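Structural description and commentary
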Amino acid sequence: MPLDPSQLTARQRASYYVENIALRGVLGLAGLVPYQWRIPLIGKLVSALGPVVGFDRRIRENLALTCPELTAPDVDQMCRDVSNNAGRTIAELYAGAPFIERAKAAPISGEGLKALEEARAAGRPVILVTGHFGNYDAARAGLISRGYSMGALYRRMANPYFNNHYVRTISQIGTPMFEQGKRGMVEMVRHLKKGGIIAIVADLHVHNGELIDFFGKPAVTSTVPAELALKYGAALIPIYGVRQENGLDFQVILNAEIPASDPITMTRAICDDLENIVRRHMGQWFWIHRRWKPFVSNKQPRKDPEAP
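Residues numbered from 1 in each chain as written. Predicted model: local features only at pLDDT ≥ 70, side-chain atom pairs only at ≥ 80, totals over all residues. Heavy atoms only, no water.

**A closer look at the packing of helix α5 (residues 97-105) against helix α7 (residues 136-145)**
Spelled out, the test is: Each axis is a line fitted through C-alpha atoms, and for a helix only the stretch in contact is used; angles between axes span 0 to 180 degrees, taken between their N-to-C directions. Under the DSSP-based scheme used, a helix requires at least four consecutive residues in state H or I and a strand at least two consecutive residues in state E, with every element numbered from the N terminus. Between 65 and 115 degrees an angle is taken as roughly perpendicular, under 35 as roughly parallel, over 145 as roughly antiparallel, and anywhere else as oblique. We call two residues in contact whenever any of their non-hydrogen atoms come within 4.5 Å of each other. Basically, the charged four are Asp, Glu, Lys and Arg, the nonpolar ten are Ala, Val, Leu, Ile, Met, Phe, Trp, Tyr, Cys and Pro, and anything else, Gly included, counts as polar.
Running from amino to carboxyl end, α5 crosses α7 at an angle of 70°, the nearest separation of the two axes being 8 Å. Judged by the inter-axis angle, α5 sits roughly perpendicular to α7. In this structure, α5 contributes Phe99, Ala103 and Lys104 to the contact, and α7 contributes Asp137, Ala138, Ala141, Gly142 and Ser145. The class makeup of the residues in the contact of α5 with α7 is 4 nonpolar, 2 polar and 2 charged.

Here's what the structure looks like:
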């Protein structure tokens, strides 16, 4: 992805600049609406736009591959829920203090909490691994508010104009932030060596990854979190910010530490752990991602298994 507008063509610069102005304008106007109304409003807006911008198509393709047992009404509802959660997450990220206050109030539980506390007491590094589920920044903000100094790995946005604003926004939750790439990896490793805590979102398709089953289908998956944990003796703990029924509050869950073994086995455990929690909250995972690329085919229409 381009690091600077100078690396773009004049047409690309113009397109990205207009896109940045439009996005910043929408976010600015949304900020005028009280938080408790703004979040569901943006959720409904993104849900309504899902069929237009291609979200629904991608969700249907992924579900056809991995969950063919779902009925047509189930899939329709998933399209609405997934886009709604995505919209809420975006609105929360740019809400600033009101979102952080909600995250601070989120209860924290799970077997992994004890492992996290023990690692911090011993000065042992920790890798908190999560997915695009619920709102993972709620988990990060919740732990930081409780005194856990932690960094996070993030992926640069394609739009270089909007990326600067995006980085400033996510940095409000906590720092340091490590940009995905060689420089960011060096900084992150340095942080780990000092006994630091980092958070990694590990459910994207990556080049040169390993084929690991997710929802029963092979998905190209990074083994880097497991490799880092083994190399630096870090505790590898799954963490999730689960959205609650009111759509505004969260529960932070840390599952049991993944035992050290080898990168493939540990990465399978990461994927299995994420799948387990997604199956309990299907609409909260980002089914819009091309997670099973290139195994998803958009040529086969979904059939309702209950239809004759």
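**Description of the pattern of salt bridges**
Note on pairing: side chains with opposite charge can pair once their charged atoms come close. What counts is decided by this rule: What counts as a salt bridge is simple: a side-chain nitrogen of Lys or Arg found within 4 Å of a carboxyl oxygen of Asp or Glu. The buried label applies to any residue whose accessible area, calculated with a 1.4 Å probe on protein chains only, is under 20% of its type's maximum; exposed applies above 50%, and partly exposed to all values in between.
Under the criterion given, the structure shown has 11 salt bridges. As a salt-bridge pair, Glu92 and Arg243 come within 2.6 Å of each other at their nearest N and O atoms. One end of the pair, Glu92, is in helix α4 (residues 72-93); the other, Arg243, is in strand β8 (residues 235-243), with 151 residues separating them in the sequence. A single burial state applies to Glu92 and to Arg243, both of which are buried.

**Some words on the nonpolar core**
As a reminder, the rule being used: What is meant by a nonpolar core is a set of buried Ala, Val, Leu, Ile, Met, Phe, Trp, Tyr and Cys residues, joined one to another through side-chain atoms within 4.5 Å.
Phe99, Leu116, Val126, Leu128, Leu143, Ile237 and Leu254 are the most contacted members of the largest nonpolar core, which has 42 residues in total. Beyond its immediate sequence surroundings of up to four residues, Ile237 is in contact with Gly112, Ala115, Leu116, Val126, Ile127, Leu128, Val129, Leu254, Asn255 and Glu257. With 25 residues, the next largest nonpolar core counts Cys79, Met282, Trp285 and Trp287 among its residues.

**Looking at a nonpolar patch on the surface**
For the record, the criterion: In this analysis, a patch consists of residues with relative accessible area above 30% that form no salt bridge, clustered at 9 Å for like charges and at 5 Å for the nonpolar side chains Val, Leu, Ile, Met, Phe, Trp and Tyr. Exposure was quantified through the Shrake-Rupley algorithm and a 1.4 Å probe, taking into account, for residues, occlusion by the shown protein chains and nothing else.
A contiguous nonpolar patch, built from Leu45, Leu49, Val52 and Val53 and spanning about 370 Å² of accessible area, is present on the exposed surface. Looking at where Val52 falls in the secondary structure, it is placed in helix α2 (residues 35-53). Residue classification places Val52 among the exposed residues on the basis of a relative accessible area of 68%.

**Re the packing of aromatic side chains**
Selection rule: Pairing of aromatic rings covers Phe, Tyr and the six-membered ring of Trp, with a centre-to-centre limit of 6.5 Å; geometry is then stacked below 30 degrees between planes, edge-to-face above 60, and tilted otherwise. Lysine NZ or arginine CZ positioned within 6 Å of the ring centre and within 35 degrees of the ring normal marks a charge as sitting over the ring.
Applying the stated criterion across every chain, the model contains 10 aromatic pairs. On the basis of an interplanar angle of 75° and a centroid distance of 5.9 Å, the ring pair of Trp285 and Trp292 is categorised as edge-to-face. The exposure class of Trp285 is buried, given its relative accessible area of 1%. A relative accessible area of 0% places Trp292 in the buried class. Over the ring of Tyr148 we find Arg120; its NZ or CZ atom is 3.8 Å from the centre of that ring.

**Some points on unusual backbone geometry**
Pro176 follows Thr175 through a cis peptide bond whose omega is 5°. Structurally, Pro176 is set in the loop between α8 (160-171) and β4 (177-179). The linkage connecting Lys293 with the following residue, Pro294, adopts the cis geometry, with an omega of 0°. Here Pro294 lies in the segment after α11 (263-280). Although it is not a glycine, Asn208 sits at a positive phi angle of roughly 65°.

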